[in-house]
Amino acid sequence: MSKRDFAWYEDPDLKNLYIKSASNAMRGYHAPIVHPKITFTGTNSLTDLTILLGAYLTEDEKRVLIVVDKDLRKFGEKVAKKLKELRNIDSRIFDNVIPEVPLNTVREAVAICEEYDPKVIIAVGGGSTMDMAKVIMIYYEKPEVNVNTMMAPSYLGLRKKIFLLCAIPTTSGTGAEASFNAMVTNTDRDPPKKVAVPLYEICPDYVVLHSDFTKSMPPYLTMGTGMDALAHAMGAYVLQGSTVYTDIHNLKATEMILEWLPRAIKRGNDLEAREQMLMAAFIAGVGFINTNAAGIEHSLGHSFGGIFHVHHGISVGIFLAASIAYQSKVTDRFYDLAKIFRIEKEGKHRDQVLRKLLEALQDFMKKINAPISIKALEKTQISKDDMEAKKEELINYAFNDTCTLFSTRKLDPPQIWKIFETAYENKIDDLMELYYM
Ligand SMILES: [Zn+2]
């Protein structure tokens, strides 16, 4: 594989090609459906996975690498205990998971694999942990790979050393348990850069959705990760790459999140709400990854969150209304989202329906205490001057983000800046300007 130090989607020629490939002529040319083989749900789900692994692995293959971060080590230990007690499966815990998944720590885990020779990797954690496990598998099996060149569809022929990749999410939002993408920080680059690694083969084989792993999530994290799931579902629904398969997922996930997220935030020990949110985030994960990308709220959110260190779900949530408003000029798909928010379209102009949808989305966000704008952020105070000082960086990061390629409406640097400016307060009139412009 050729050595290159920038990601494929930063190539100007490819950018143009992708905009064109969103045309009707290209629709249906390449549209695989990717998701885990079995997703165990319910109170017996961890036991189910353990029994399956016990049957799958021979006696001398019973070695599992559990990937977990230090704060959640107890969850990793819980899984290790279950494997040992129920099916005498040996395991080792790698707990040096660092947010943003720097490549150099991935190599640390690969060194453990080389010595321990695990046959299964189980990721127990949030998005970073699951992404880390995916990239560990890539580098353990194919050390010569350059992550910058990974794009869907490229194939590496994985699962020669690691037979199975499993995921147990501890948040309800990232959808990483259902996705074939991993975000990794390329520390070989100067400065290091977060790159997307989309590869069908890194979609987990088996998933466990068990509320025992999410019920202790504090309200703020429940809200932030829940907003991420909502952004996946709604943001991907308006994308050109949508299919009937992604539609059923994205619409249902939106409906479920509106119904269950407020309860999960309010009463963390409401197991029904926790289970529904785990399911909703998973469904949204399948929905957005099969449209090939998340929406442009993710390009903007990746840039803003990366530069100002704001939580991923909170960041993408701030740009969700703008993403829908901006793209609705060229797509009618917002009508279906409006329906979920119980907005009647009869007798209303197109822009009136959109306005009602944006208002309803902001009302929902206020109800769950999600910041609706940059100004409304409480944990990090960011002024207009701070934004202005980072203007170039914010624009370039968003413009060179993989999700920008899949925008339904072409997105250039001046429009990106306009959206950033709008998001400072996210006034409805300003959001509508993005639609009209
Ligand atoms: Zn996300």
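Residues numbered from 1 in each chain as written. Predicted model: local features only at pLDDT ≥ 70, side-chain atom pairs only at ≥ 80, totals over all residues. Heavy atoms only, no water.

Here's the deal with the domain arrangement of the protein chain
Piece 1. Structurally, the protein chain comprises domain 1 (3-213) and domain 2 (219-436).
Piece 2. Here the C-alpha centre of domain 2 lies 25 Å away from the C-alpha centre of domain 1.
Piece 3. Both sides of the domain 1 and domain 2 interface together cover about 3000 Å² of buried area, and 64% of this is carbon and sulfur.
Piece 4. Where domain 1 meets domain 2, there are zero salt bridges.
Piece 5. Viewed at the interface, domain 2 and domain 1 are joined by three residue pairs in polar contact (both at pLDDT 80 or more).
Piece 6. For the side of domain 1 that touches domain 2, the elements supplying multiple residues, two or more each, are helix H1 (12-21), strand E1 (38-41), strand E6 (181-186) and strand E7 (193-198). (Domains from an automatic or database assignment. Buried area = accessible area lost by both parts, 1.4 Å probe. Salt bridge = Lys/Arg side-chain N within 4 Å of Asp/Glu carboxyl O. Polar contact = N/O pair within 3.5 Å; in protein donor to acceptor, adjacent residues only side chain to side chain. Helix = DSSP H or I, 4+ residues; strand = E, 2+ residues; numbered from the N terminus.)

Some thoughts on the coordination of the zinc ion
Piece 1. Distances from the zinc ion to its protein donors, Asp228 (OD), His232 (NE2), His298 (NE2) and His312 (NE2), fall at 2.1 to 2.2 Å.
Piece 2. Its four donor atoms give the zinc ion angles of 88 to 171° at the centre, a pattern that matches the irregular case.
Piece 3. For the zinc ion, all donor residues lie on one chain, and their spacing in sequence is D-x3-H-x65-H-x13-H. One end of the pair, His298, is in helix H9 (residues 296-308); the other, His312, is in helix H10 (residues 312-318), and 14 residues separate them in sequence.
Piece 4. Overall, His298 belongs to the buried group, its relative accessible area being 3%. (Donors = N, O, S within 2.8 Å, 3.2 Å for Na, K, Ca; no water. Tetrahedral: all angles 85-135°; square planar, octahedral: opposite > 155°, others 65-115°. Buried < 20%, exposed > 50% of the residue type's maximum accessible area, 1.4 Å probe, protein only.)

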